[in-house]
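# Descriptive analysis of the structure
Listed here are the chains, written in short residue letters.
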Amino acid sequence: MDKIGKVISILKKLDYHPKIDSFKDRLVIQKTVSILESLDIKLGYEFSIHLRGPYCRELTEDIYENKTNVENLRTNFDLSAKEEIGVMKYKEVTELDPDYLEIISTYFHYLLKEVKNEDDSIRSLKALKPHLSDSKIAVGISKSKELLPPNGKQIDEMKKEFDEWDKATVTDLSKWD
């Protein structure tokens, strides 16, 4: 019950009340767990890529075996403060929209699990999800980037941009002397 207990605790924090017989609700749970795993909130489930994105058979089995607890959000598991912050940021960014959850989880799977570069990850995502529009995918990838901490290259780019702003500020202030 440890792993599914933690999942239930996350659903409770998200104020998400799933009905396990609903495909959409099971999809939201699968994608939520996959995304949070990618964000280093360890839940202990392993995902592989399927038509609707990352999928974990063990999670599905746990959901059905604990259907009453999942639907009633019953668990004794408490999230750490760090996990709660991560879950709330996840909720804010994704709004628990199933299409965006599919895009984000699939993008993360290709980018982080299969260690593809960003362009290859996007190409793979589009090939797997031709039913989703390019604009929807672009928004989903943008949401993905809101969830990920910046990498070394992005940090260097931000430092360069901030240095330029600092120089511009100093130059502008010297006009007032």
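Refer to the preceding data block for the structure.
I will try to describe carefully the structure that is included in this document. (Residues numbered from 1 in each chain as written. Predicted model: local features only at pLDDT ≥ 70, side-chain atom pairs only at ≥ 80, totals over all residues. Heavy atoms only, no water.)

### Brief notes about the environment of glycine 44
Tracing the chain through its elements places glycine 44 in the loop between helix 2 (23-38) and strand 1 (48-50). Looking at glycine 44, the relative accessible area reads 42%, which means it is partly exposed. The sequence separation of glycine 44 and aspartate 2 amounts to 42 residues, and the corresponding C-alpha distance is 9.5 Å. Residues within four places of glycine 44 in sequence aside, it is in contact with Lys3, Glu37 and Glu58. (Helix = DSSP H or I, 4+ residues; strand = E, 2+ residues; numbered from the N terminus. Buried < 20%, exposed > 50% of the residue type's maximum accessible area, 1.4 Å probe, protein only. Contact = heavy atoms within 4.5 Å.)

### As for the pattern of salt bridges
Scanning the entire structure with this criterion turns up 13 salt bridges. Here lysine 136 ties to aspartate 99 by a salt bridge, and the two come within 3.4 Å at their closest N and O atoms. Residue lysine 136 is located in helix 8 (residues 134-147), and its partner aspartate 99 is located in helix 6 (residues 98-113); the two are separated by 37 residues in the primary sequence. Relative accessible area serves as the criterion here: at 21%, lysine 136 is assigned to the partly exposed category. (Salt bridge = Lys/Arg side-chain N within 4 Å of Asp/Glu carboxyl O.)

### Some remarks on the side chain of glutamate 102
Of note, glutamate 102 is situated in helix 6. Not counting residues up to four positions away in its chain, the partners in contact with glutamate 102 are Leu27, Lys31, Arg52, Lys129 and His131.

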